[in-house]
Amino acid sequence: MKRFRRVAVYCASSSDIDPIYVDAARAFGSLLVERGYGLVFGGGRVGLMGQVADAVISAGGEAIGVIPHKLRDLEVAHQGLSELLVVDSMHARKTVMASMSDAFVALPGGFGTLDEIFEVTTWNQLGYHSKPAGLLNVNGYFDALATFITHAADQGFVRPVHRDLLLVDADPRKLLDRLEVHELPDIKKWIDRP
Ligand code: AMP
């Protein structure tokens, strides 16, 4: 079983959502602290991002935000974090977040969330890093995406060995348990050589 130092959480900037998602985000933040894991996130005070960070801070945990100058200047940054790293671009933010974290979890979100979790999954696929990633399937939010990933694999666009790169679980404890024991495929075994 792997022990993580920090987990990156990607999730919605929107607050115009059902309270079920807010409750799940707060519970996930508390669970990270209970397990002794620090939080790395996008640094915003808005939406589910702000909720996860607030829950981590109220439980006495470590919350590190990584935000580009542009978003910080728009005053969406969270003001009460353990640390707020301000970077030059969205690309720098994603690189810093990934390098500081030992595992990745997406909670429900929109394009930004999907972009972030798919990017770290692609990096696993190509061997740029080897860190477990999963989707917390609150309220069945990711059901359609999980079905689509199966479809992509069935059609040959995702290799069979990569089908389960992104773990999906509705139970936050089970998701963290599974991430802690997840063995990622060895890149050298499958990559095509010329
Ligand atoms: P979305 O899922 O489209 O709401 O985007 C959320 C993700 O994109 C988060 O994980 C953040 O890293 C980033 N993001 C999008 N909007 C903001 C914002 N207003 N403040 C900070 N980060 C944001």
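Residues numbered from 1 in each chain as written. Predicted model: local features only at pLDDT ≥ 70, side-chain atom pairs only at ≥ 80, totals over all residues. Heavy atoms only, no water.

> What is the right way to read the overall build of the protein from this model?
Secondary structure summary: the protein contains eight helices and seven strands in total. On C-alpha atoms alone, the protein measures out to a radius of gyration of 16 Å, which is about the 16 Å that the 2.2 N^0.38 rule sets for 194 residues. Here the C-alpha coordinates of the protein stretch approximately 50 × 35 × 30 Å along the principal axes. For the protein, buried positions account for 47% of its 194 residues. Residue pairs in contact within the protein that sit at least 24 positions apart in sequence constitute 70% of those at least 6 positions apart. Surface summary for the protein: the accessible area is close to 9800 Å², and the carbon and sulfur share equals 53%. (Helix = DSSP H or I, 4+ residues; strand = E, 2+ residues; numbered from the N terminus. Rg over C-alpha atoms; globule rule 2.2 N^0.38 Å. Buried < 20%, exposed > 50% of the residue type's maximum accessible area, 1.4 Å probe, protein only. Contact = heavy atoms within 4.5 Å. Areas by Shrake-Rupley, 256 points an atom, 1.4 Å probe, with all protein chains shown as cover.)

> Would you explain the pattern of salt bridges in this entry?
One side chain can pair with another of opposite charge once the charged atoms of both are near each other. As enumerated under the stated definition, the model contains nine salt bridges in all. With a closest N to O distance of 3.2 Å, arginine 35 and glutamate 180 form a salt bridge. Linking arginine 35 in the loop between helix 1 (19-34) and strand 2 (38-41) with glutamate 180 in helix 7 (residues 172-181), this pair joins segments that are 145 residues apart in sequence. A single burial state applies to arginine 35 and to glutamate 180, both of which are buried. For arginine 72, the salt bridge goes to aspartate 73, with nearest N and O atoms at 3.4 Å. The exposure class assigned to aspartate 73 is exposed, which follows from its relative accessible area of 53%. Residues joined by salt bridges that share partners form a network here, namely Arg35, Asp177 and Glu180. (Salt bridge = Lys/Arg side-chain N within 4 Å of Asp/Glu carboxyl O.)

> Got a minute to help me understand the side chain of lysine 94 in this structure?
With respect to the element layout, lysine 94 can be found in helix 4 (residues 90-100). Take lysine 94: its relative accessible area is 10%, and that puts it in the buried class. When sequence neighbours within four positions are dropped, the list of residues in contact with lysine 94 reads Asp115, Glu116, Glu119 and Trp123.

> I keep staring at the packing of helix 1 against helix 7 and nothing clicks. Help me out?
Axis angle and axis distance: for two packed helices, these are the angle between their axes and the distance between the axes, and together they describe the pair. Relative to each other, helix 1 and helix 7 sit at 45°, their axes nearing to 10 Å. One element, helix 1, and the other, helix 7, form an angle in the oblique class. As helix 1 packs across helix 7, the resulting crossing turns out to be right-handed. Residues Phe28, Leu31, Leu32 and Glu34 of helix 1 touch helix 7, and the partners they reach there are Pro172, Arg173 and Leu176. Each residue belonging to the contact of helix 1 with helix 7 can be placed in one class, and the counts come to five nonpolar, no polar and two charged. (Axes fitted to C-alpha atoms, helices over the stretch in contact; angles between N-to-C directions. Parallel < 35°, antiparallel > 145°, perpendicular 65-115°, else oblique. Left-handed = near helix turned anticlockwise from the far one by under 90°. Nonpolar A, V, L, I, M, F, W, Y, C, P; charged D, E, K, R; others polar.)

> I keep staring at the nonpolar core and nothing clicks. Help me out?
Nonpolar side chains tend to gather and get buried jointly when the protein is soluble and globular. Counting residues in hydrophobic clusters, the biggest one holds 30 residues, and the most contacted among them are Val9, Phe28, Leu39 and Leu107. Elements represented by at least two residues in this core include exactly strand 1 (6-10), helix 1, strand 2, helix 2 (47-58), strand 5 (103-106) and helix 7. Sorting elements by how many residues they give to this core places helix 1 first, with six residues. The contact partners of leucine 39, leaving out residues within four places of it in the chain, are Val7, Val9, Leu32, Val52, Ala53, Val56, Glu62, Ala63 and Ile64. (Core = buried A, V, L, I, M, F, W, Y, C linked by side-chain atoms within 4.5 Å.)

> Could you clarify how one ought to interpret unusual backbone geometry in this entry?
Comment: phi is negative for the bulk of residues other than glycine, and the bulk of peptide bonds are trans. Positive phi is not limited to glycine here, since asparagine 139 has a value of about 60°. Within the secondary structure, asparagine 139 sits in the loop between strand 6 (133-136) and helix 6 (143-154). Residue class for asparagine 139 comes out partly exposed when judged on its relative accessible area of 49%.

> Help me understand the packing of helix 4 against helix 5 (residues 111-126) in this model?
The geometry of helix 4 relative to helix 5 is characterised by a closest axis approach of 11 Å and an angle of 60° between their N-to-C directions. When the axis of helix 4 is compared with that of helix 5, the two are oblique. Here the hand of the crossing between helix 4 and helix 5 comes out right-handed. Residues Arg93, Lys94, Thr95 and Ala98 of helix 4 form the contact with helix 5, whose own contacting residues are Asp115, Glu116, Glu119, Val120 and Trp123.

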